[in-house]
Amino acid sequence: MNSQPFLNIALDAAGLSAPLGHDIRWLDAALGDVLTEHEDPSVMRVARGLYACEDTGDPGTLLSRIPELRDPITVQRVLRAFTVFFQLLNTAQQKEIVRVNREREAHAGVAPRPESIADAVRVLAEAGVSAQEMQATLLRTDICPTLTAHPTEARRRSVLDKLQAVAEALAVEAGADRLWSGPLAAHGQAESDLRRALTELWQTDELRSTPLTVEDEVRNVLYYLEHTILDVVAWLHEDVKAALTRYYPGGAFEIPPFLTYRSWVGGDRDGNPNVTADVTWRTLLSHKRVGLGAWRQRCAALQGELTQSLRQTPVSPELLDSIASDREAVGSLPESERRFALEPYALKLAYMQVRLDAAMDHLDGLEDFRAEGPAFVPRPPAYSSADELLDDLRLIQRSLRANRAAVLADEGPLARLVAQVATFGFHLVSLDVRQHSDEHSAVLEEILGVAGVLPPGRTYGSLDEGERVRLLTAELSQPRPLLLRDWSGSDRARNVLEVFEVIRHAQRYLSRQAVTAYVISMTHGVSDILEALLLAREAGLLRWSLLGDSLEMESDLDIVPLFETIDDLNSCDKLMRSLFSNRAYRKHLTARAAFQEIMLGYSDSSKDGGYLAANWALHATQSRLASTCRKAGIQLRLFHGRGGTVGRGGGRANQAILSQPARSSNGRIRFTEQGEVVSYRYSLPPFAHRHLEQIANAVLLSFGHPRQRLHARSEWHNAAELLAGESRRVYRELVYDDPEFWDFYTQATPIAHIGGLSIGSRPARRPGGRGSGIDDLRAIPWVFAWVQSRYGVPGWYGVGSALQWYADRQPDGLQTLRAMYKGWPFFRTLIDDLQLELLRAHMPTAAMYAASVRPSSLGQRIDGVIEREFALTRDWALRITGAPELLEYAQAVRTMVSIRNPIVMPLNRLQVALMESWGQLAFLSDDEEGTAWRDAVMLSIAGVAAGMQSTG
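None of the values given here were measured: they were computed from a predicted structure.

Peer 1: I'm lost on the overall build of the protein in this one. Help?
Peer 2: When helices and strands are tallied, the protein shows 39 helices and 11 strands. On C-alpha atoms alone, the protein measures out to a radius of gyration of 29 Å, which is about the 30 Å that the 2.2 N^0.38 rule sets for 952 residues. For the C-alpha atoms alone, the extent of the protein along its principal axes is close to 85 × 80 × 65 Å. Here the protein holds 952 residues, and 61% of them are scored as buried. Across the protein, contacts joining residues at least 24 apart in sequence account for 82% of those joining residues at least 6 apart.

The following block contains the structure:
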């Protein structure tokens with residue numbers, strides 16, 4: 001690479017590791033090489049000039065002052081150059097994290113790597129946890145990441161593929177992964193691979209030409225499952241086994257499927273009219289097809305591994321009997337019988353592949369879930385369930401162990417496949433269905449009226465909460481349905497009811513685990529939960545059966561309330577107590593093994609009350625819910641609806657787990673993986689491995705370690721309550737009570753343009769709203785816009801005023817806050833995540849956006865309010881931590897932010913310039929030039945998202 005580097009970033013004094021510094025320089029040079037070859041010299045000249053701040057005038061006149069920027073195509077090229085550089089920088093950082101952990105593993109002779117599974121098992125063993133207690137901990141550990149399609153991934157699938165090729169080239173250049181797979185004359189191979197990947201990346205459209213469909217989102221999820229998650233989950237099982245062998249020598253442990261996955265993609269109907277019953281059914285079929293295909297592929301690979309000959313070693317009679325049974329059920333396989341006559345393991349796997357193929361063929365006749373009939377039932381030789389495949393795999397394991405090949409049974413591909421099938425089954429990933437509570441109420445308004453069970457002259461909507469609960473309880477307590485099976489209601493009613501039919505079909509014909517949970521958004525009362533349960537009964541998912549002399553309820557579906565606003569979080573424990581005392585719901589819980597999942601919404605609570613108030617409400621709610629469930633004899637699993645950014649509940653997931661209330665740590669946890677977080681964490685398998693081992697480490701320690709069960713002081717809880725109240729007051733005073741705030745927000749952020757970015761199938765606004773105002777705006781675009789303008793308001797606003805207020809009114813207030821930071825994991829995590837958001841915010845950049853607000857006095861006023869609160873919050877964060885700078889303990893993070901800020905600034909300046917010019921005719925026209933300018937705005941948004949490593 002002989003051309004000029006793209007930006008020629010000065011890294012010598014940045015404090016980066018030598019390998020990361022080398023990678024960034026190498027990528028900078030490679031991008032410069034590609035730009036030199038493919039673009040006019042003006043593109044790199046303008047980009048470097050903007051980076052070097054050669055032009056410091058008003059961003060609003062930037063396009064007119066720099067002649068090259070009067071051409072929208074040149075603007076697009078400059079924006080793309082910065083965007084691609086950030087994508088390369090992000091990839092280099094991921095590779096560096098993997099490198100550091102590999103290096104730690106290589107030197108982990110005495111102590112394992114920090115935050116690994118081995119590290120957690122070591123800590124537990126040294127704390128005196130016995131082998132029996134360790135086994136009990138494993139059996140109760142239930143970690144469930146849930147992939148969602150929330151629209152926060154600004155990059156196309158094809159772009160992500162090119163970046164993975166860049167990561168592979170970086171690994172090869174560093175000397176990894178080329179010993180056996182590459183040619184002997186491999187000199188320059190990494191450079192060639194990188195140049196090719198960058199050329200493909202540069203010639204690929206950054207933006208999608210059409211919006212994402214739900215089917216596109218489903219394919220994206222399946223990609224990560226196939227290419228990363230299946231293998232990484234098996235690696236984690238190996239990690240657990242190795243750790244137990246090391247720290248509990250001689251122990252015999254059962255390692256259950258402690259890490260399972262779920263998805264919302266194709267089942268999340270809340271506010272997304274594109275998720276129809278047909279889409280949900282096709283999603284479930286796709287899940288099973290991919291699962292069967294994965295096991296078919298792995299069985300074929302095992303066939304080449306398990307080639308033991310009867311001339312060399314015997315096999316168990318059980319295996320031979322199984323082959324005979326297969327031969328009878330499937331019919332003879334002449335070619336396989338001849339080829340593997342002396343290789344019984346390979347022959348057994350041949351029959352297993354035929355049975356998997358038959359199971360796959362069965363799906364071809366199920367495209368229309370409404371055409372239910374005999375063909376829906378899988379028939380031999382198809383496997384009827386994953387348990388049958390698992391039985392065959394374990395039979396092979398037993399035979400290998402019995403014939404001096406335990407190493408093949410318990411290590412390597414066969415052991416991994418057993419762990420994978422036990423974890424993912426045929427359903428691959430359970431699909432949640434989510435719907436807004438208002439939809440259930442509207443449908444029951446219609447159904448209950450038709451059924452004639454409403455009080456005379458009353459509608460369902462006219463009933464108060466107590467009347468609704470009594471009516472719903474009475475209907476749930478009797479076996480008769482409300483409607484005939486052939487009843488046809490309104491389109492709205494059919495849309496809601498049909499998805500319950502899909503769930504029933506999926507459980508009956510695909511897998512009992514295909515759908516097991518129904519999530520109710522915006523749960524406000526007991527009736528919201530009973531409504532969903534009654535609709536499930538209409539589909540046959542809840543039934544009364546005669547057992548002896550009494551009727552007992554059978555229930556096939558967990559009903560999961562989602563509490564999202566701060567008011568709902570503060571009162572939901574009372575709601576759940578009322579629900580648990582409801583006789584009909586208690587019967588349902590008995591049928592579900594006394595298990596209750598409760599989802600907590602991080603996004604809307606933060607939008608509702610600000611960062612500190614939302615975090616405290618969520619923390620206190622967890623403690624109250626755990627106590628409520630414990631007293632009611634209910635097994636609880638909390639489902640954390642975490643977003644990607646700190647303002648939506650993001651931050652380091654393992655630290656969040658360790659900072660949970662002591663009594664809520666029961667080994668069971670579910671959390672969402674959203675948007676760009678999915679691609680960031682799961683694009684590279686080793687990176688996903690690190691993410692998941694940190695989660696497992698935190699769950700094992702928070703649940704299994706005796707010292708983790710200590711409780712925070714009551715005075716700290718009182719302090720947090722006071723802080724939350726004041727913080728919320730200050731936050732709402734700006735966001736909800738200032739009548740001019742919305743005008744400021746819509747001009748000082750690119751919110752008006754974010755809806756035009758094709759990053760998801762769900763609309764940015766809630767249906768049925770007025771189309772304007774903060775109440776109708778979803779939390780994701782709300783945060784996304786603040787990230788773009790570098791204010792970062794959702795991640796810190798109101799905290800400084802609350803801390804100042806508390807210290808002024810409490811004796812030894814500062815000392816109390818410092819003690820809370822030092823001794824309370826919750827408060828420490830809250831302040832540390834706050835520091836990260838303060839560090840990522842950049843007030844000089846934000847001021848550029850405020851300067852474009854009209855009237856200018858409005859921009860100056862609210863910008864001044866935000867800047868003063870920012871300075872106050874930063875000051876108090878430093879006073880509490882006692883550090884001279886934000887995140888002093890995380891120098892690597894500080895370094896990367898300091899490198900990124902000057903590179904993001906040109907993108908922000910161009911975005912402001914484009915926003916200010918939006919009113920010009922060229923922008924509004926539908927001709928080629930107008931489209932080009934609109935694309936430039938969208939590219940500026942994608943570029944800033946890449947630079948900030950965050951959208952919403």
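Alright, that's what it looks like, and here's the rest.
Peer 1: Just to check I follow, could you spell out the nonpolar core for this structure?
Peer 2: Here is a general trend for soluble globular proteins: nonpolar side chains tend to be buried in one another's company. Of all hydrophobic cores here, the largest spans 302 residues; its most connected members are Phe-500 and Phe-827. Once you skip the residues sitting within four places of it in the chain, Phe-827 turns out to touch Leu-723, Leu-803, Leu-817, Met-820, Tyr-821 and Ile-880.

Peer 1: I'm lost on helix α18 (residues 465-476) in this one. Help?
Peer 2: At 3.6 residues per turn, the α-helix brings residues three or four places apart onto the same side. For α18, spanning 12 residues, the distance from its first C-alpha to its last is 16 Å, which sits close to the expected 16 Å at 1.5 Å a residue. For α18, every residue scored as buried is listed here: Arg-468, Val-469, Leu-471, Leu-472, Thr-473, Glu-475 and Leu-476. Where α18 is buried, its residues contact α17 (437-451), α20 (526-538), β6 (542-547), β7 (550-555) and α22 (583-591). If you check the start of α18, you find a side-chain oxygen 3.2 Å away from the backbone N of Gly-466, and it comes from Asp-464.

Peer 1: Just to check I follow, could you spell out the pairing of strand β4 (residues 433-436) for this structure?
Peer 2: Each regular strand carries side chains that alternate between the two faces of the sheet. Alternating positions in β4 separate into two faces, Val-433 and Gln-435 on one and Arg-434 and His-436 on the other, with burial throughout. Alignment of β4 against strand β5 (residues 517-521), held across four bridges, turns out to be parallel. Looking at β5, one finds that Arg-434 is bridged to Val-519.

Peer 1: So what exactly am I meant to see when it comes to the state of the cysteines here?
Peer 2: Per the counting criterion, the structure on display carries zero disulfides. For the unlinked cysteine Cys-629, the closest cysteine sulfur is that of Cys-572, found at 9.6 Å. Here Cys-629 falls in the buried class, since its relative accessible area comes to 1%.

Peer 1: Where do I start with the sheet that holds strand β3 (residues 430-431) in this structure?
Peer 2: Paired through their backbone hydrogen bonds, the strands of a sheet run either parallel or antiparallel. Taken in spatial order, the nine strands of this open sheet run β3-β2-β1-β11-β10-β9-β8-β5-β4, and their pairing is parallel. With one partner strand each, in any of the chains shown, β3 and β4 form the two edges of the open sheet. Sheet topology note: the strand β10 (residues 635-641)/strand β11 (residues 668-674) ladder contains three bridges and is parallel. Bridge pairing in β11 links Phe-639 to Arg-670.

Peer 1: Where do I start with the side chain of His-362 in this structure?
Peer 2: Of note, His-362 is situated in helix α13 (residues 344-363). Leave out the neighbours within four places in its chain, and His-362 touches Ala-375, Phe-376, Val-377, Pro-378 and Tyr-509.

Peer 1: Help me out: how do you make sense of the packing of helix α34 (residues 825-840) against helix α36 (residues 856-881) in this one?
Peer 2: Axis angle and axis distance: for two packed helices, these are the angle between their axes and the distance between the axes, and together they describe the pair. Contact geometry of α34 with α36 gives a least axis separation of 10 Å together with a crossing angle of 135°. If you check the angle between α34 and α36, you find them oblique. As α34 packs across α36, the resulting crossing turns out to be left-handed. Side by side, α34 and α36 meet where Phe-827, Ile-831, Leu-834, Gln-835 and Leu-838 of the first sit next to Phe-870, Thr-873, Arg-874, Ala-877, Ile-880 and Thr-881 of the second. Taken together, the residues that form the contact of α34 with α36 break down as seven nonpolar, three polar and one charged.

Peer 1: Explain the packing of aromatic side chains here, please?
Peer 2: Each aromatic ring pair is summarised here by two numbers: the centre-to-centre distance and the angle between the ring planes. For the coordinates displayed, the defined rule picks out 27 aromatic pairs. Ring centres 5.5 Å apart and planes at 70° place the aromatic pair Phe-6 and Phe-82 in the edge-to-face group. Separated by 76 residues along the polypeptide, Phe-6 in the segment before α1 (18-38) and Phe-82 in helix α4 (residues 72-106) bring together distant segments of the chain. In this structure Phe-6 comes out as buried when scored by relative accessible area, which is 0%. Ring centres 6.2 Å apart and planes at 25° place the aromatic pair Trp-716 and Trp-824 in the stacked group. Taken together, the positions of Trp-716 in helix α28 (residues 714-735) and Trp-824 in the loop between α33 (813-823) and α34 put the pair 108 residues apart, joining distant regions of the chain. You'll find Trp-716 and Trp-824 in the same group, each marked buried. Clustering of aromatic rings is evident, with ring pairs tying together Phe-741, Trp-742, Phe-744, Tyr-745, Trp-782, Trp-786 and Tyr-791. The residue whose ring lies beneath Arg-670 is Phe-639, and the NZ or CZ to ring-centre distance is 3.8 Å.

Peer 1: Just checking my understanding: could you explain the pattern of salt bridges for this structure?
Peer 2: Pairing between side chains becomes possible if they bear opposite charge and their charged atoms approach one another. In total, this model carries 66 salt bridges according to the counting rule given. Measuring nitrogen to oxygen at the nearest pair gives 2.5 Å for the salt bridge that ties Arg-219 to Asp-216. With a gap of three residues between them, Arg-219 and Asp-216 both fall in helix α9 (residues 214-247), about one helical turn apart. Between Arg-732 and Asp-608 there is a salt bridge, with its nearest N and O atoms 2.9 Å apart. Residue Arg-732 is found in helix α28, and its partner Asp-608 is found in helix α23 (residues 603-609); the two are separated by 124 residues along the sequence. Relative accessible area serves as the criterion here: at 24%, Arg-732 is assigned to the partly exposed category. Salt bridges sharing partners connect three or more residues here, namely Asp-142, Arg-262, Asp-432, Glu-597, Arg-637 and Arg-670.

Peer 1: Teacher, can you tell me more about helix α14 (residues 386-402) here?
Peer 2: With 17 residues, α14 extends 24 Å from end C-alpha to end C-alpha; this agrees with the ideal 24 Å at 1.5 Å per step. Turning to α14, its buried residues are Ala-386, Leu-389, Leu-390, Asp-392, Leu-393, Leu-395, Ile-396, Gln-397, Ser-399 and Leu-400. On its buried face, α14 is in contact with α10 (277-305), α11 (317-330), α13, α15 (406-410) and α16 (413-424). Once α14 ends, the next one or two residues include Arg-404, with phi positive near 60°.

Peer 1: Help me understand a negative patch on the surface in this model?
Peer 2: Residues Asp-71, Asp-927, Glu-928 and Glu-929 make up a contiguous surface patch of negative charge. Note on placement: Glu-929 falls in helix α39 (residues 928-948).

Peer 1: Explanation requested: the pairing of strand β9 (residues 595-601) in the structure shown.
Peer 2: Of all seven residues in β9, seven are buried; the element is thus mostly enclosed. Here β9 shows two buried faces, one formed by Phe-595, Glu-597, Met-599 and Gly-601 and the other by Gln-596, Ile-598 and Leu-600. Bridge count between strand β8 (residues 558-563) and β9: two bridges; the pairing is parallel. Bridged to Phe-563 within β9 is Leu-600. For β9 and β10, the ladder comprises seven bridges, and the chain directions are parallel. Across the sheet, Met-599 pairs through a bridge with Phe-639, a residue of β10.

Peer 1: Any chance you could explain the packing of α1 against helix α8 (residues 189-202) here in plain terms?
Peer 2: At a minimum axis distance of 10 Å, the contact between α1 and α8 shows a crossing angle of 55°. Regarding the angle of α1 to α8, the classification is oblique. By crossing handedness, the relation of α1 to α8 is classed as right-handed. Contacts between α1 and α8 pair Trp-26, Leu-27, Ala-30, Leu-31, Asp-33, Val-34, Leu-35, Glu-37 and His-38 from the former with Ala-190, Glu-191, Leu-194, Arg-195, Leu-198, Thr-199 and Trp-202 from the latter. For the contact of α1 with α8, the per-class residue count stands at 10 nonpolar, two polar and four charged.

How each quantity is defined
Residues numbered from 1 in each chain as written. Predicted model: local features only at pLDDT ≥ 70, side-chain atom pairs only at ≥ 80, totals over all residues. Heavy atoms only, no water. Helix = DSSP H or I, 4+ residues; strand = E, 2+ residues; numbered from the N terminus. Rg over C-alpha atoms; globule rule 2.2 N^0.38 Å. Buried < 20%, exposed > 50% of the residue type's maximum accessible area, 1.4 Å probe, protein only. Contact = heavy atoms within 4.5 Å. Core = buried A, V, L, I, M, F, W, Y, C linked by side-chain atoms within 4.5 Å. Expected span 1.5 Å × (residues − 1). Polar contact = N/O pair within 3.5 Å; in protein donor to acceptor, adjacent residues only side chain to side chain. Pairing = 2+ DSSP bridges. Disulfide = S-S within 2.5 Å. Axes fitted to C-alpha atoms, helices over the stretch in contact; angles between N-to-C directions. Parallel < 35°, antiparallel > 145°, perpendicular 65-115°, else oblique. Left-handed = near helix turned anticlockwise from the far one by under 90°. Nonpolar A, V, L, I, M, F, W, Y, C, P; charged D, E, K, R; others polar. Phe/Tyr/Trp six-rings, centres within 6.5 Å; stacked < 30°, edge-to-face > 60°. Lys NZ or Arg CZ within 6 Å of the ring centre and 35° of its normal. Salt bridge = Lys/Arg side-chain N within 4 Å of Asp/Glu carboxyl O. Patch = residues over 30% accessible without salt bridge, like charges linked within 9 Å, V, L, I, M, F, W, Y side chains within 5 Å. Areas by Shrake-Rupley, 256 points an atom, 1.4 Å probe, with all protein chains shown as cover. Lys, Arg positive; Asp, Glu negative; His and termini not counted. Charge placed at Lys NZ, Arg CZ, Asp CG, Glu CD.

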